[in-house]
Amino acid sequence: MSALAPKARRRFGTTAIVYIALLAVMIVGAVLVNTAGRNFLSPGNIRDILTGMSVLGFVAIGQTLVILCASLDLSVPYVVSLSSLLGATIMAGNPANIIPAVLVTLTVAAGIGLLIGLTVTKLRVNGFIATLGAGLIIKGYLDTQYKGTAGSMPWEFQLIGATGVGPVPVSTIIMLAAALLVALFLSKTRTGNHMFAVGGNEQVSRFSGIRTSRPTVVAHMLCSVMAAMAGLLLASRLGVGSPTVGTQGGYDLLSIAAVVLGGTLLLGGRGSIWGTIGGVAIFAVMDNVMSVIQLNPFLKDVVRGVIIVAAVAVYTGRAIESRRPRFGRDSQSSMYPSVDLQLAMDQEKERDHEPTS
Amino acid sequence: MSRQADAQLSGSQRISRALLTLISPRGAVFLLLIVLLLAITALNPSFAEPGQFIRFIQRVAPIAIVAIGQYFVIVAGEFDLSMGSLVTAQVVIAGNLIGQDDSRSIPVLIGMLVFGALVGLVNGLVTSLLRVPSFIVTLGMMLALLGGVLYWTGGAATGNPADGFREIGRGGIRNVPVLDIIPWAVLVLAAVLAAAIWFTKTPFGRSIIAVGDNETTARFAGIRVWWVKTSTFILSSLSATIAGVLLVGYAGVHPKVGQGYEFIAITAVVLGGVVLGGGRGWVVAAAAGAFALEALFTLLNFAGVASTWRDGIQGVIIIAAVAYSAAVFRGRRKSPSVTSPISGKEPEPFAEPAHSAPQSRPNEGNHSTQKEVQ
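Note that the coordinates shown come from a computational prediction; the quantities given were computed from them, not determined experimentally. For every chain, the first residue of its written sequence is number 1, and the numbers climb from 1 along that sequence. Here the convention is simple: chains get letters from A, ligands get numbers from 1, in the order in which they are written. Thresholds applied to this predicted model are a pLDDT of at least 70 for local features of residues and 80 or more for the giving and counting of side-chain atom pairs; totals over whole chains, interfaces and linings are not thresholded and use all residues. Only hydrogens and water are removed before side-chain values are computed, so all heavy atoms of the structure are retained for them.

(A) Main features of the side chain of Asp80 of chain B. Residue and element names in this part refer to chain B. Along the chain, Asp80 turns up in the loop between helix H4 (50–75) and helix H5 (83–98). Despite being buried, Asp80 has no salt bridge partner; Lys229 is the closest side chain of opposite charge, sitting 13 Å away. Pairs of N or O atoms are called polar contacts if they sit within 3.5 Å, as long as, within protein, a hydrogen donor faces a hydrogen acceptor (for residues adjacent in sequence, only side-chain-to-side-chain pairs). Reaching out from Asp80, the side chain makes a polar contact with the side chain of Ser82 at a distance of 2.7 Å. One polar contact links Asp80 to Ser236, side chain to side chain, over a distance of 2.5 Å. Numbering goes from the N terminus for both helices and strands, where a helix is a DSSP run of H or I of at least four residues and a strand is a run of E of at least two. In this scheme, a residue with accessible area under 20% of its type's maximum is buried, one over 50% is exposed, and one in between is partly exposed, where area comes from a 1.4 Å probe on protein chains only. The sign given to each residue is positive for Lys and Arg and negative for Asp and Glu; His and the chain ends receive no count. When a carboxyl oxygen of Asp or Glu is within 4 Å of a side-chain nitrogen of Lys or Arg, the pair counts as a salt bridge.

This is the structure we're talking about:
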């Protein structure tokens, strides 16, 4: 059957649509910014947009992996805050401590991700609840341990958040490098490939001989590590660690929205890192435009909410036509069962008729 | 599976099964609640006095009502993240529109209910007809509602509504023997819970669980899935509205009232043994989950635990509760048909709807149809 051809077309298509949407947002943004008497494509503005991308970008890259595995991570804002504090307090203004501080922070984050991953896979706790709980536990620790900002970042580390190559900030370059690495990880390694399989249908992948827990655990670990990178980056910008920096950014829900905006299926099994980067870019451009035209900050949230829903509605409306019927669908693994089934039954009918006619 | 087993049970087995229910995920929340209430009473004996206890129920009422609304959405297999923002929005609307004019109470109350139903309708239609995941729809609604309300009030929502309106949240029938006061909030909660129990027993209420369990079979059974899902969102938004009416009396008008209620409600529902993803759960247990959560906070207060650790302990408890119910359900699911396909039976194609397995058996031909297409 022609199942393969539309599949290839679609995978290209979803990411392409994300970037078409990004282009559209940029054009609308440029017009709006120009009417406000500013230049959208000035180096300063481009730098602002790219800077805005970097933190959410890190978090969203990790979130993509977790969502691919049909899980969620709501603990990221607290991991971000915790890592900003850990990094800043261990460095304590001394450049010699940069490398140990980064290593310790990333290791702690990986440990948190490991615990979450094991809770999800071994204890069979839904990812939503496991990470909601883990976030609350970290929040409890942060609230108890830190009364306010703490530690200080040495100047050398603050440069990461402050310098750039031309209009491109170093932080964005690091974020894009991380995206490239993760994209390669997804496409080239066995565990990366298994993430799609496990997210698509865990039972089928188990029957196919995949150790289903490993990809999920790795995804959660990488997600926490990425959140920690975001935390370190925020700390390098602020110069100190802050216990509220993650929650203020609302990175949990925003990163999930960016991932879904990037064309990744919230139910897992289908998506791409570059789509996510496109989604993050849409957010960054939107925020930038709304800041430049000095929109009321409360209206910003309204616009954001409407655009998230509208954009995702466009993707899913399109996906109805092109989804391959999938075995083992139930309420959790398929959003459009009737259409798929109808399609499947029609095809079945056609095939039955062929030999007789 | 379970239905066939039930038929074969003898009388004594049935009694032991009833006891087992209490430690099953379905009943565990009641056990947890009893333990927590006993622990609070041990620390602070005055808690068990009827007057104090009714105050406790009054405090839980908004949370329990929100949890009951969230129950319907979750059991239908969706999420409603917009509830907290809707509570805030309704609180601010009440504060701004009623002002100090008692005569406006009724029209504004009706307006709030209509607004709530409208929010639910939009959530539901976008989820069911436009096929946007409810997580995203309600997330967008959450941002838009909160932003819209703050924009409307200029970021500083103040001005409490007339005392007559606030009476619903903080007043009650006074001079009652034993209890001293029966708060209106408790009566509202009782009415909402009774209505919810009645609703789950109607054919429509049962179809909600069917949709959450398996949308495809529900559709083939002739259920209008889009309307069932939409109605659950309307129910959850209406319950958030009622909670808002109670909270405006109890807590006053502030943009932070209602903040985080969506996650508290989801936590309470999950504590009540309702499975995320839908198809399994009991509305009374969901309400009991809200009581258990508030009892937990009260206990931590009395035990002198630093308030900063409240969140941490809440986190541990919800993970433990869900891990427990997952372990029990997994134990139940270990039927030969899943673990050993060699015994001649076909392996279960679905992991989740284990309960519905017997009904779906006759549809075997249907499954093979799908497989061939693959």
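(B) Structural view of the pattern of salt bridges. Within this structure, the stated rule accounts for ten salt bridges over all chains. One salt bridge connects Arg206 of chain A with Glu202 of chain A, and the closest N-O pair in it is separated by 3.6 Å. Of the two residues, Arg206 of chain A and Glu202 of chain A are both situated in helix H9 (residues 202–207); the distance of four residues between them amounts to about one turn of the helix. Among the residues examined, Arg206 of chain A registers a relative accessible area of 37% and is labelled partly exposed. Owing to a relative accessible area of 29%, Glu202 of chain A belongs among the partly exposed residues under this scheme. Residue Arg304 of chain A is joined to Asp301 of chain A by a salt bridge in which the shortest nitrogen-to-oxygen separation is 3.1 Å. Of the two residues, Arg304 of chain A and Asp301 of chain A are both situated in helix H14 (residues 297–322); the distance of three residues between them amounts to about one turn of the helix. The buried category is assigned to Arg304 of chain A, whose relative accessible area is 14%. By relative accessible area, Asp301 of chain A is classed as partly exposed at 21%. Through salt bridges with shared partners, one network takes in Glu78, Glu215, Arg219 and Lys229 of chain B.

(C) Fine view of the pairing of strand S2 (residues 180–183) of chain B. Two strands pair when backbone bridges link them, and strand S1 (residues 172–176) of chain B and S2 of chain B are joined in this way by four bridges, in the antiparallel orientation. Bridging across to S2 of chain B, Val176 of chain B finds its partner in Asp180 of chain B. By the convention used here, strands pair only if DSSP detects at least 2 bridges between them.

(D) Quick look at helix H2 (residues 43–68) of chain A. Residues and elements named next belong to chain A. Multiplying 1.5 Å by the helix residue count minus one yields the expected span of that helix. For H2, with 26 residues, the first-to-last C-alpha span of 35 Å sits near the 38 Å given by 1.5 Å per residue. Along H2, the largest kink reaches about 35° and is centred on Leu56. Buried residues dominate H2, accounting for 19 of its 26 residues. Trailing H2 by a residue or two, Ala70 shows a phi angle of about 65°, which is positive. Fitting one axis to the seven residues ending at a residue and another to the seven starting there, the bend at that residue is the angle between the two axes.

(E) Inspection of the confidence of the model for chain B at higher detail. All names here are of chain B. One number per residue, pLDDT, summarises how confident the predictor is, and it ranges from 0 to 100. Per-residue confidence for chain B averages 81 on the pLDDT scale, and 82% of its residues sit at or above 70. We call two residues in contact whenever any of their non-hydrogen atoms come within 4.5 Å of each other. The low-confidence segment residues 1–5, where pLDDT is below 50, has seven contacts with residues more than four positions distant or belonging to other chains. Segment residues 334–374 is flagged for pLDDT under 50; beyond a separation of four residues in sequence, or across chains, it makes 60 contacts in the model.

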